[in-house]
Amino acid sequence: MKQIHITETVLRDAQQSLIATRMPFSDFQGILDDMDKAGYHSVECWGGATFDSCLRYLNEDPWERLRNIKSHMKNTKLQMLLRGQNLLGYHHYSDDTVRRFVRKSIENGMDIIRIFDALNDLRNIETAVDECIKSGGHAQGCICYTLSPIHNLEMFVSLGKQIEQMGCHSLCIKDMAGIMSPKECFDLVSALKENISIPIYVHTHATTGLGYMTYLKAAEAGAAGIDCATSTFSGGTSQPATESLVYALTQMGYDCGVDTKELKEINDYFVPIKNKFTENGLFDPYVLSTKTDALVYQIPGGMLSNLVAQLKAQNAIDKLDQVLEETPRVRADLGYPPLVTPLSQMVGVQATVNVLLGGRYKSIGKEIKSYIHGEYGRAPGKVNEELAAKVLGGDKPITGRYADSLEPEFPAAREHLGERARNEEDVLSYIAFPQQSEQFFARREQTFTASYSFKEVK
């Protein structure tokens, strides 16, 4: 019987896509032991926006969250998403910081690190991949899937070869917007399998309605695994449902390795969790609708939600169609970067500004300027010459690897925090999200002081 691995995303990408990563550890602690018995290849539970959300909204130490999940997961690999040289933030960090972060992630319980670069500039994942391998983790390199006049099968196969040569243990085709059609997926997986020997995993979203079909063709082409979400938190901008894919693939002769009875218990557990978020307004049914416009604009679900929120805040929601039409034009001007964090936010904000100000590039965001300067890496295609001249003046863009110019951040951060940092993990949290971390450390100290005083009085 043919085998295909199932990665469960409910603890990370599914809830990030549907409820903006607002699920605290206490909401899912009670089901972790059952999830460990389900037979998943891996459970994606960390990285992406979870780190920021823990500090900013949930008043949780993200490192402690990881350790707590690991304490329940004795048999199942834990998986995270890492933005290469950006780690979990939105700009490049020094190699020293990247190595420390990757090493500590593995020491705290991470098994598989899925590492991508928003531009598919593989120079920006080399350090993270190298440290992951040295620290005993499973390094999974990514191809960020997108469509454009310059992105084609030949380019993606070339990236796959480089990822294998880099030493990655596996490769992931990362389709952020759910725009990869079943045929495109079959052709790409097949082409990669002809050229590389490492396992190929496929990640997509249900946004456009293609996801289920795409996964079936991924299996037929010989993909090693797919990302799915327990059904209560599936569909829309999340992943296709775990139970549905397992049902269909099993009938097609695939062994998914999972216990369907456990899958039902897991889903039943999350039903009241979803209902809670629906009642408090964080789960908006809008994110569950099929959005075929993404096939035209290639806008991921999270990016679309951000655009809607920005326009509502400006009392300009009537401009949404104009912004959607402007977004691919901005992307073309920037050399067709894939619309994935942080580029998706940057392109979306610039498109919004262009529309609201009634003229293109009357105001240019600092991140866009940094991008054109080369601080995010090599643009996939040619940047609009007029726009580049406006940003650069007479300067030359950076052509080397930007991280090579960065000094280590750790010593200064450790000195700044002093006794507020209880360990190296705290310092890394601060480097990634300074303001949110300092606020968290202050709340933590207040809680500790209050608890200590209570014990003394008692």
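Refer to the structure presented above.
All figures in this text were calculated on a predicted structure; none of them were measured in a lab.

A. Geometry of the nonpolar core. Met35, Leu82, Phe101, Ile173, Val202, Phe233 and Phe270 are the most contacted members of the largest nonpolar core, which has 98 residues in total. Those residues in contact with Phe233 that sit more than four places away from it in its chain are Val10, Ala14, Leu18, Ile19, Met23, Ser238, Phe270, Ile273, Lys274 and Phe283. The next biggest cluster of nonpolar side chains, apart from the first, holds 39 residues, and it includes Phe116, Leu311, Val330 and Val347.

B. The packing of aromatic side chains, seen in detail. For the structure shown, the criterion picks out 13 aromatic pairs. An angle of 55° between the planes, with centres 5.6 Å apart, marks the rings of Phe51 and Phe101 as tilted. Taken together, the residues span a long stretch of sequence, with Phe51 in helix α4 (residues 50-58) and Phe101 in helix α6 (residues 95-107) at a distance of 50 residues. Judged on exposure class, the residue Phe51 and its partner Phe101 are both buried. Pairing Tyr269 with Phe270 gives two aromatic rings, centres 5.5 Å apart and planes at 85°, and the pair type is edge-to-face. On the basis of relative accessible area, Phe270 is assigned to the buried category, the value being 0%. Over the face of the ring belonging to Tyr254 we find Lys2, whose NZ or CZ atom lies 4.4 Å from the ring centre. Cation over ring: Arg22 sits above Tyr57, and NZ or CZ is 3.6 Å from the ring centre.

C. How the structure looks around the sheet that holds strand β7 (residues 170-174). As summarised here, the arrangement of the 8 strands in space is β2-β3-β4-β5-β6-β7-β8-β9, forming a closed barrel in which the pairing is parallel. Strand-to-strand, the axes of this sheet are offset by a mean angle of 30°, without reference to chain direction. Note that β7 and strand β8 (residues 200-203) share 4 bridges and pair parallel. Among the inter-strand pairings, Ile173 is bridged to a residue of β8, identified as Val202. Running over the sheet, helix α7 (residues 126-134) touches β4 (77-82), β5 (112-115) and β6 (138-144) and is turned about 155° from β6.

About the criteria used
- Residues numbered from 1 in each chain as written.
- Predicted model: local features only at pLDDT ≥ 70, side-chain atom pairs only at ≥ 80, totals over all residues.
- Heavy atoms only, no water.
- Core = buried A, V, L, I, M, F, W, Y, C linked by side-chain atoms within 4.5 Å.
- Buried < 20%, exposed > 50% of the residue type's maximum accessible area, 1.4 Å probe, protein only.
- Contact = heavy atoms within 4.5 Å.
- Phe/Tyr/Trp six-rings, centres within 6.5 Å; stacked < 30°, edge-to-face > 60°.
- Helix = DSSP H or I, 4+ residues; strand = E, 2+ residues; numbered from the N terminus.
- Lys NZ or Arg CZ within 6 Å of the ring centre and 35° of its normal.
- Pairing = 2+ DSSP bridges.
- Axes fitted to C-alpha atoms, helices over the stretch in contact; angles between N-to-C directions.

Any functional reading would require information that these geometric values do not contain.
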